[in-house]
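Coordinates in review
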Protein chains: 2
Amino acid sequence: MMKLYSFKGAPNPRRVLIFAEEKGLRLDVVEVNLRGGETKTSAFLGKNPSGKIPVLELPDGTCLPESVAICRYLEALAPEPNLFGTDPLETAQIEAVHRQLELELFAHIGAAWVNGPIVAAAGLVKPIEAQRLRGEGLAKKYYARLNEELTSRPFLAGERFTVADISAVCLVEFAAARVNLAPDASLTALAAWHERVRSRPSVQAHPA
Amino acid sequence: MMKLYSFKGAPNPRRVLIFAEEKGLRLDVVEVNLRGGETKTSAFLGKNPSGKIPVLELPDGTCLPESVAICRYLEALAPEPNLFGTDPLETAQIEAVHRQLELELFAHIGAAWVNGPIVAAAGLVKPIEAQRLRGEGLAKKYYARLNEELTSRPFLAGERFTVADISAVCLVEFAAARVNLAPDASLTALAAWHERVRSRPSVQAHPA
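What comes next is a walk through the structure. This one's a predicted model, so the numbers in the text were calculated from it and none came from an experiment. Counting restarts for each chain: residues are numbered from 1 in the order of the written sequence. Chains carry letters and ligands carry numbers; both start at the beginning, A for chains and 1 for ligands, and go up in the order they are written. A pLDDT threshold of at least 70 governs which residues receive local features in this predicted model, and a stricter bar of 80 or more applies before side-chain atom pairs are shown or counted, although totals over entire chains, interfaces and linings include all residues.

Description of the overall build of chain A
Our working rule: Working definition: helices are DSSP H or I runs of at least four residues, strands are E runs of at least two. Numbering for both runs from the N terminus. To get the radius of gyration, use the C-alpha atoms; to get the globule rule, take the number of residues to the power 0.38 and multiply by 2.2 Å.
The number of helices and strands found in chain A is nine helices and four strands. In chain A, the succession of α and β elements from N to C terminus is β-α-β-α-β-β-α-α-α-α-α-α-α. Taking 2.2 N^0.38 as the reference for a compact globule, 208 residues should give roughly 17 Å; the C-alpha atoms of chain A span a radius of gyration of 17 Å, in line with that estimate. Projected onto its principal axes, the C-alpha coordinates of chain A cover approximately 45 × 45 × 30 Å.

Focus on helix α3 (residues 67-77) of chain B
Side chains three or four residues apart in an α-helix point the same way, a direct result of the helix having 3.6 residues per turn. The condition is simple: Three exposure classes are used, all based on how many other C-beta atoms lie within 10 Å of a residue's own C-beta (placed from the backbone): buried at 20 or more, exposed at 12 or fewer, and partly exposed between those limits. Once C-beta atoms are placed from the backbone, any two residues with those atoms within 7 Å are in contact.
Counted residue by residue, α3(B) has nine buried out of 11 residues, so it is predominantly covered. Along α3(B), the residues classified as buried are B:S67, B:V68, B:A69, B:I70, B:C71, B:R72, B:Y73, B:L74 and B:E75. Residues of α3(B) that are buried in the fold lie against α4 (88-114) of chain A together with α1 (11-23), β3 (55-57), β4 (63-65) and α7 (163-178) of chain B.

Section: α4(A)
Residue and element names in this part refer to chain A. Spelled out, the test is: Here a helix's expected span is defined as the number of its residues, less one, multiplied by 1.5 Å. Fitting one axis to the seven residues ending at a residue and another to the seven starting there, the bend at that residue is the angle between the two axes.
Taking 1.5 Å as the rise per residue, α4 with 27 residues should run 39 Å; its terminal C-alpha atoms sit 36 Å apart, in good agreement. The sharpest bend along α4 reaches about 30° and sits at E102. With 19 of its 27 residues buried, α4 lies for the most part within the structure.

Observations regarding the packing of helix α4 (residues 88-114) of chain B against helix α6 (residues 129-149) of chain B
Residues and elements named next belong to chain B. What counts is decided by this rule: Axis definition: a line fitted to C-alpha atoms, over the contacting stretch in the case of helices. Angles run 0 to 180 degrees between N-to-C directions. Angles below 35 degrees are treated as roughly parallel, those above 145 as roughly antiparallel, those between 65 and 115 as roughly perpendicular, and all remaining angles as oblique. Crossing handedness: left-handed means the near helix sits turned counterclockwise from the far one by under a right angle, and right-handed means the same turn made clockwise.
Running from N to C, α4 and α6 point in directions that differ by 150°, and their axes come no closer than 7 Å. It follows from the interaxial angle that α4 and α6 lie roughly antiparallel. In this structure, the crossing between α4 and α6 has a hand that is left-handed. Of the residues in α6, those touching α4 at E104, L105, H108, I109, A111 and A112 are Q131, R132, R134, G135, E136, L138, A139 and Y142.

Considering the pairing of strand β2 (residues 28-31) of chain A
All names here are of chain A. Heads up, the condition is: The rule for pairing is simple: two strands pair if DSSP sees at least two bridges between them. Orient the strands so they point away from the viewer, and a crossover whose first-strand-to-second-strand path over the helix runs clockwise is right-handed.
Here strand β1 (residues 3-6) runs beside β2; their pairing, made up of four bridges, is parallel. Residue pairing in the sheet places Y5 in a bridge with V30 of β2. Where the polypeptide runs from β1 across helix α1 (residues 11-23) and back to β2, its parallel neighbour, the crossover connection is right-handed.

Purely geometric numbers; function is a separate question.
Structure, rendered in structure tokens:
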């Protein structure tokens, strides 16, 4: 069976777990000792030179890092239900939406997280307060954009649930739980989308 | 003919131009007035809600933003020479390498750029000096990692030239020209890779 190196509560492995659940694929989840520094050991760096989770390990020992690369690989193994797009244009459109989410929301929530109190208390990074505040501001601006877009379509990339929605639900719930950055209640289209996505069995099976 | 909204000297449209050149695809390049704010007009936001270049416009008016999504679309139109991978595992491995480059080098060079003197002089962003310095430090660390990896393989993702090399050459040359972040000359494997890639006709046809 394929192994997934994971850490409970982290948004990136959660994306893979929800994705695999949608596909009906079983993964053998290996919890790493993230706080104990396991991902920075030479053994783990051999699996992923970035020293991050998730990593998918195939039965022959081949290791594949990066949640979105892992999901694309799982899509090839189990094409249905399709989550990355069915033709070249739709595939590219979903990737564009997904990239903008990652580069313009995930990155800013990440900046707020890395420079916030939990990471500072762990002594991992010297926080830069101005960067934390900028991250918060840009994340809120992106939430407003998402809300506007979701007034005219039910899911991030259009009429159907895709990998972009999986990333978004993991991100929004991480931001709410760990970065004090839940979307404002006034963003009603975003809240309605969140209800639609959080009620899926795959998302319920792998809570934040 | 497909149009590419672009801006001379920007690394992201350059990735698409080099990629299209490798494929022998012709694009009608439309230079936008980036400094004059054209990408923030409602007309342009209709093409890309992120207000960024590049954007590919198809003959029917459909607009596709995000350089990597555009490249993947072009790969589907013109499969040879293959630049994204030929089977599910290789495709995922190339994507993993490419994502790490973007998230762990591009992002930090971007932080150094956004908080640096050129952007500050344009009055676009209030610079955060600590963030600029952190970006520089993390970029240099990633250069050292790339150098180490390139001692045992000729290209970023292995034995052959891929989309990851296109992104990397655009990024490294932008960092050198605009962010004062050229890789240190002691990184000889990285320098040798740079020579290998910069000498390609596609890269020469679209200089930084």
